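The chain contents come next:
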Amino acid sequence: MLNVTPDSFSDGGLYADAAAALDRALEMEHEGADIIDVGAESTRPGADPVCASEEIRRLKPVLHLLRKKCRVPLSVDTTKSEVMQLVMDEGVEIINDISALSCTAKTIRRLARYKVSVILMHKQGDPKTMQKAPRYGDVVEDVRTFLKSAVRRAVDNGIDARRIIVDPGFGFGKTAEHNHALLRRLEAIGSLGLPVLAGLSRKSFIGLITGGDPLKRLEGTLAAGAIAIQKGAHLLRVHDVRAHRQMADVIDKILFSSSARIV
Ligand code: HH2
């Protein structure tokens, strides 16, 4: 992941400048990233939303450079139709939407025409308040049911099912126990028959186990990522690419014939 934000929870401000963002993207590519996911709005718990024009102002120069220099596919983390349109015109291949395409059907049909892939993520509530009192019946079943209907809506509006990735949305309106249950039973999300992405990197439910601030959660993040791969995750969204590449390659070599993707 490449956060071009001033306020992301662990790397805010580091890559807000386009040249620094390009250097980091090339470094991640060199370290073994399969996809670069660029985000211009922090969605950490408590974050204030930003408007589309500010998101575009942050993204445009970065995407322009990345498009020219990066070899791996580019993804953009956004929920806004205007931003989706701009980044598709810049040649971005993947839209990562933490609201699972809550946009209009018209926007979804436009995504289908551009033949982009989409990441549909579950969240409960919005970043500003989502950690106040998350509630579920059975968190795994509730998340699975939500994703199933988001996939159905995307397909009904023309998105090719082969271009859809699902994501249970670790940390988005979930207590630590909810996150543990989703990780323990991640196969249930995989049973939707689509690739699963897990975004675990440095998140607070890992910090609650290990202690330490976000920059000191690498080992805990690797443990959670290793569980996710064993439970069927196809993609990991990470800050620390080199360490995850090595971890995923070892698990894949020993347990699976195909390789997990590092984003
Ligand atoms: N997590 C974050 C942002 N986008 N997208 C998907 N699909 N899955 C995730 O788990 C996910 C995501 C939050 O992490 P980060 O980008 O590190 O922080 P911030 O939102 O503060 O920029």
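Residues numbered from 1 in each chain as written. Predicted model: local features only at pLDDT ≥ 70, side-chain atom pairs only at ≥ 80, totals over all residues. Heavy atoms only, no water.

Q: Help me understand the sheet that holds strand β8 (residues 235–236) in this model?
A: Adjacent strands of a sheet form backbone hydrogen bonds with each other and so pair up, either parallel or antiparallel. The three strands are arranged β7-β8-β9 in an open sheet whose pairing can be described as parallel. Of all the strands in the sheet, the pair left with one neighbour each is β7 (197–198) and β9 (261–262). Where β8 meets β9, two bridges bridge the pair, whose relative direction is parallel. Bridging across to β9, Leu235 finds its partner in Arg261. (Pairing = 2+ DSSP bridges. Helix = DSSP H or I, 4+ residues; strand = E, 2+ residues; numbered from the N terminus.)

Q: How do you make sense of the site of the ligand when you look at a structure like this?
A: In the neighbourhood of the ligand, 19 residues make up the surrounding shell, with Ser8, Ser42, Thr43, Asp167 and Lys203 lying closest. Contacts to the ligand include Gly199, whose backbone N or O atom sits 3.4 Å from an oxygen atom. Contact between the ligand and Lys203: an oxygen atom at 2.7 Å from a side-chain N or O atom of the residue. Taking 480 Å² as the accessible area of the ligand by itself, protein coverage stands at 98%. Residue composition of the shell around the ligand, grouped by class: seven nonpolar, seven polar and five charged. (Near = heavy atom within 4 Å. Polar contact = N/O pair within 3.5 Å; in protein donor to acceptor, adjacent residues only side chain to side chain. Areas by Shrake-Rupley, 256 points an atom, 1.4 Å probe, with all protein chains shown as cover. Nonpolar A, V, L, I, M, F, W, Y, C, P; charged D, E, K, R; others polar.)

Q: How should the packing of helix α5 (residues 139–156) against helix α6 (residues 176–184) be read in this particular structure?
A: The axes of two packed helices give the description: the angle between them and the distance between them. α6 packs onto α5 with a crossing angle of 70° between their chain directions and a minimal axis gap of 9 Å. Relative to α6, the element α5 is oriented roughly perpendicular. Residues Val139, Val140 and Val143 of α5 touch α6, and the partners they reach there are His178, Ala181 and Leu182. The class makeup of the residues in the contact of α5 with α6 is five nonpolar, one polar and no charged. (Axes fitted to C-alpha atoms, helices over the stretch in contact; angles between N-to-C directions. Parallel < 35°, antiparallel > 145°, perpendicular 65-115°, else oblique. Contact = heavy atoms within 4.5 Å.)

Q: Please explain the side chain of Thr43 as it appears in this structure.
A: Residue placement: Thr43 occurs in the loop between β2 (36–39) and α2 (52–69). On the basis of relative accessible area, Thr43 is assigned to the buried category, the value being 18%. Ignoring sequence-local partners within four residues, the contact set of Thr43 consists of Ile98, Pro127, Met130 and Phe172. (Buried < 20%, exposed > 50% of the residue type's maximum accessible area, 1.4 Å probe, protein only.)

Q: Mind showing me how you'd approach the pairing of β2 here?
A: Residues in a regular strand point their side chains to alternate faces of the sheet. Alternating positions in β2 separate into two faces, Ile36 and Val38 on one and Asp37 and Gly39 on the other, with burial throughout. By the bridge criterion, two bridges tie strand β1 (residues 2–3) to β2 in an arrangement that is parallel. Looking across to β2, one finds that Leu2 is bridged to Val38. Remark: the β1/helix α1 (residues 18–31)/β2 crossover connection has right-handed handedness. Pairing between β2 and strand β3 (residues 74–77): four bridges, direction parallel. By the bridge assignment for β3, Ile36 is matched with Leu74. Running through α2, the crossover from β2 to the neighbouring parallel element β3 is right-handed. (Right-handed = clockwise from strand over helix to strand, strands pointing away.)

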